[in-house]
Amino acid sequence: MKIDAHQHFWRLSNGFYDWLTPELAAIYSDFEPSHLEPLLASAGINGTVVVQAAADPRETEFLLSLAERHALIKGVVGWIDMETKSGIATLRDFARDPIFKGIRPMIQDIEPADWMLRPQLDAAYRALIELGLSFDALVKPPHLDALHILATRYPQLPIVIDHGAKPQIRDGLGSFDRWAQQIARLAVLPNVHCKLSGLLTEARPGATLADLSPYLDHLHSAFGASRLMWGSDWPVLLLESTYGDWNAMFGAWLGSKPASECADMLGGTATRFYRLEQA
């Protein structure tokens with residue numbers, strides 16, 4: 001299967017999205033499966049992993065309800081309150097649905113940068129491991145040292161770094177070396193994977209493949225194709241590009257890479273990591 005390993009759906013009337021304001025005009029609208037289906041068909045993509053965009057378990061319930069009605073959704077990554085017993089009970093409830101694959105706390109918005117290492121979260125991490133679920137790490141470069149400690153502390157926890165950890169592409173290569181070192185250090189750990197998504201929104205307006213290639217190349221060198229997965233980050237992507245253009249840009253980067261590597265990055269890795277049904 002060809003899989004978009006990272007996209008979102010939202011309905012503004014749900015009221016879950018305090019970050020989503022009218023100033024973000026390109027994405028301040030409802031985005032549901034009917035809007036994405038023709039884009040997937042044009043790109044030859046068989047299904048998606050839909051990822052939470054709000055720190056509210058009711059949004060996860062909404063996404064699971066969409067998955068019941070739309071076969072394009074192969075997996076749901078949701079949200080729970082990791083710091084409470086009730087949150088872990090919610091996790092166990094969600095895990096009864098086979099389409100539920102894991103959780104994503106919105107670490108990029110949480111202070112301090114090492115929040116993920118709080119002892120209060122240990123029960124949540126252990127529950128994820130027990131239930132065979134995964135952990136999406138929505139992080140930026142300042143979080144990567146703490147993420148390395150986390151991944152080392154829980155070697156049985158499957159972790160995927162969203163959006164290449166959001167390197168500061170728009171600022172040029174001044175911060176590239178530090179990011180690259182941290183990524184290489186994380187990639188040594190076999191339980192850590194990475195998504196090739198969300199990079200255009202970290203670049204300058206009108207960015208080209210030449211702007212993104214150093215980052216894509218380094219992620220490929222560090223993780224290898226078997227631990228990389230492509231995602232659109234649609235509809236956030238629409239702040240800078242279109243689904244078709246990002247898909248074409250990524251295809252150009254794939255170029256003449258071996259067919260087996262392309263198959264991994266375009267679906268195989270996501271299928272294995274998220275334990276997606278092949279049908």
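Before any of the text, the structure's been laid out above.
An account of the accompanying structure is given in this report. (Residues numbered from 1 in each chain as written. Predicted model: local features only at pLDDT ≥ 70, side-chain atom pairs only at ≥ 80, totals over all residues. Heavy atoms only, no water.)

## Let's talk about the overall build of the protein
The helix and strand tally for the protein stands at 9 helices and 8 strands. Taking 2.2 N^0.38 as the reference for a compact globule, 279 residues should give roughly 19 Å; the C-alpha atoms of the protein span a radius of gyration of 17 Å, in line with that estimate. Dimensions of the protein, computed from the C-alpha atoms along their principal axes, are close to 45 × 40 × 40 Å. In the protein, the proportion of contacts linking residues at least 24 apart, taken out of those at least 6 apart, comes to 79%. Here the protein has roughly 11400 Å² of accessible surface; of this, 53% comes from carbon and sulfur atoms. If the 24 positive side-chain charges of the protein are averaged to one point and the 33 negative ones to another, these points end up 5 Å apart. (Helix = DSSP H or I, 4+ residues; strand = E, 2+ residues; numbered from the N terminus. Rg over C-alpha atoms; globule rule 2.2 N^0.38 Å. Contact = heavy atoms within 4.5 Å. Areas by Shrake-Rupley, 256 points an atom, 1.4 Å probe, with all protein chains shown as cover. Lys, Arg positive; Asp, Glu negative; His and termini not counted. Charge placed at Lys NZ, Arg CZ, Asp CG, Glu CD.)

## Some details on unusual backbone geometry
A negative phi angle characterises most non-glycine residues, just as the trans form characterises most peptide bonds. The linkage connecting glutamate 111 with the following residue, proline 112, adopts the cis geometry, with an omega of -5°. Between tryptophan 234 and the following residue, proline 235, the backbone shows a cis peptide bond with an omega angle of 5°. Positive phi, close to 60°, is recorded for histidine 163, a residue that is not glycine. With respect to the helices and strands, histidine 163 occurs in the loop between β6 (159-161) and α6 (176-187). Residue histidine 163 is classed as buried on the basis of its relative accessible area, which comes to 3%. (Buried < 20%, exposed > 50% of the residue type's maximum accessible area, 1.4 Å probe, protein only.)

## Observations concerning the pattern of salt bridges
As enumerated under the stated definition, the model contains 14 salt bridges in all. For arginine 170, the salt bridge identified is with glutamate 202, shortest N-O distance 3.9 Å. Here glutamate 202 lies in the loop between β7 (192-196) and α7 (209-223) and arginine 170 lies in the loop between β6 and α6, a separation of 32 residues in the sequence. In this structure arginine 170 comes out as partly exposed when scored by relative accessible area, which is 45%. The residue aspartate 211 makes a salt bridge to arginine 204 at a minimum N-O spacing of 2.8 Å. In this structure arginine 204 comes out as partly exposed when scored by relative accessible area, which is 38%. Connected through salt bridges with shared partners, the residues Arg104, Asp136, Asp162 and Lys195 form a single ionic network. (Salt bridge = Lys/Arg side-chain N within 4 Å of Asp/Glu carboxyl O.)

## A look at helix α9 (residues 259-273)
Taking 1.5 Å per residue, 15 residues should reach 21 Å; α9 reaches 19 Å between its end C-alpha atoms and fits that length. Of all the bends found along α9, the most pronounced is centred on methionine 265 and spans about 60°. Turning to α9, its buried residues number three or more, namely Cys262, Asp264, Met265, Leu266, Gly267, Gly268, Thr269, Ala270, Thr271 and Phe273. The positive-phi residue at the C-terminal boundary of α9 is arginine 275, with phi of around 55°. (Expected span 1.5 Å × (residues − 1). Bend = angle between axes of the 7 residues up to and from the residue.)

## Remarks on empty space enclosed by the protein
All told, the structure shown has 1 cavity of 30 Å³ or more when counted by the stated rule. Put simply, the largest cavity is a space of about 50 Å³. Across the lining of the largest cavity, the residue classes tally to 5 nonpolar, 4 polar and 1 charged. (1 Å grid on protein atoms, 1.4 Å probe; cavity = no way out; pocket = protein on both sides within 12 Å on 5 of 7 lines; lining within 4 Å. Points joined across faces, edges and corners; volume = space filled by probe spheres on them. Nonpolar A, V, L, I, M, F, W, Y, C, P; charged D, E, K, R; others polar.)

## Re the nonpolar core
Counting residues in each nonpolar core, the largest one holds 87 residues, and the members touching the most others are Met116, Tyr125, Phe135, Leu147, Ile161 and Phe250. Contact partners of phenylalanine 250, with chain neighbours within four places excluded, come to Leu196, Leu216, Trp230, Met265 and Leu266. Within the second largest apolar cluster, 11 residues are counted, among which are Ile3, Val160, Met229 and Phe273. (Core = buried A, V, L, I, M, F, W, Y, C linked by side-chain atoms within 4.5 Å.)

## Quick notes on the environment of leucine 186
Along the chain, leucine 186 falls in helix α6. Judged by relative accessible area, leucine 186 falls into the buried class, the value being 0%. Measuring from C-alpha to C-alpha, the distance between leucine 186 and lysine 101 comes to 22 Å, with 85 residues separating the pair along the chain. Leaving out residues up to four positions away in the same chain, leucine 186 has contacts with Leu144, Leu147, His148, Ile161 and Val192.

## Considering the layout of surface pockets
Looking at the largest pocket, its volume works out to about 410 Å³. Trp19, Gln108, Lys166, Asp233 and Val236 are the residues nearest the centre of the largest pocket, which is lined by 21 residues in total. Along the lines of polarity and charge, the residues of the lining of the largest pocket split into 9 nonpolar, 5 polar and 7 charged. Looking at the second largest pocket, it is lined by 14 residues, and the ones nearest its centre are Pro141, Pro142, Lys166, Pro167 and Gln168. Partitioned by chemical class, the residues of the lining of the second largest pocket number 6 nonpolar, 3 polar and 5 charged.

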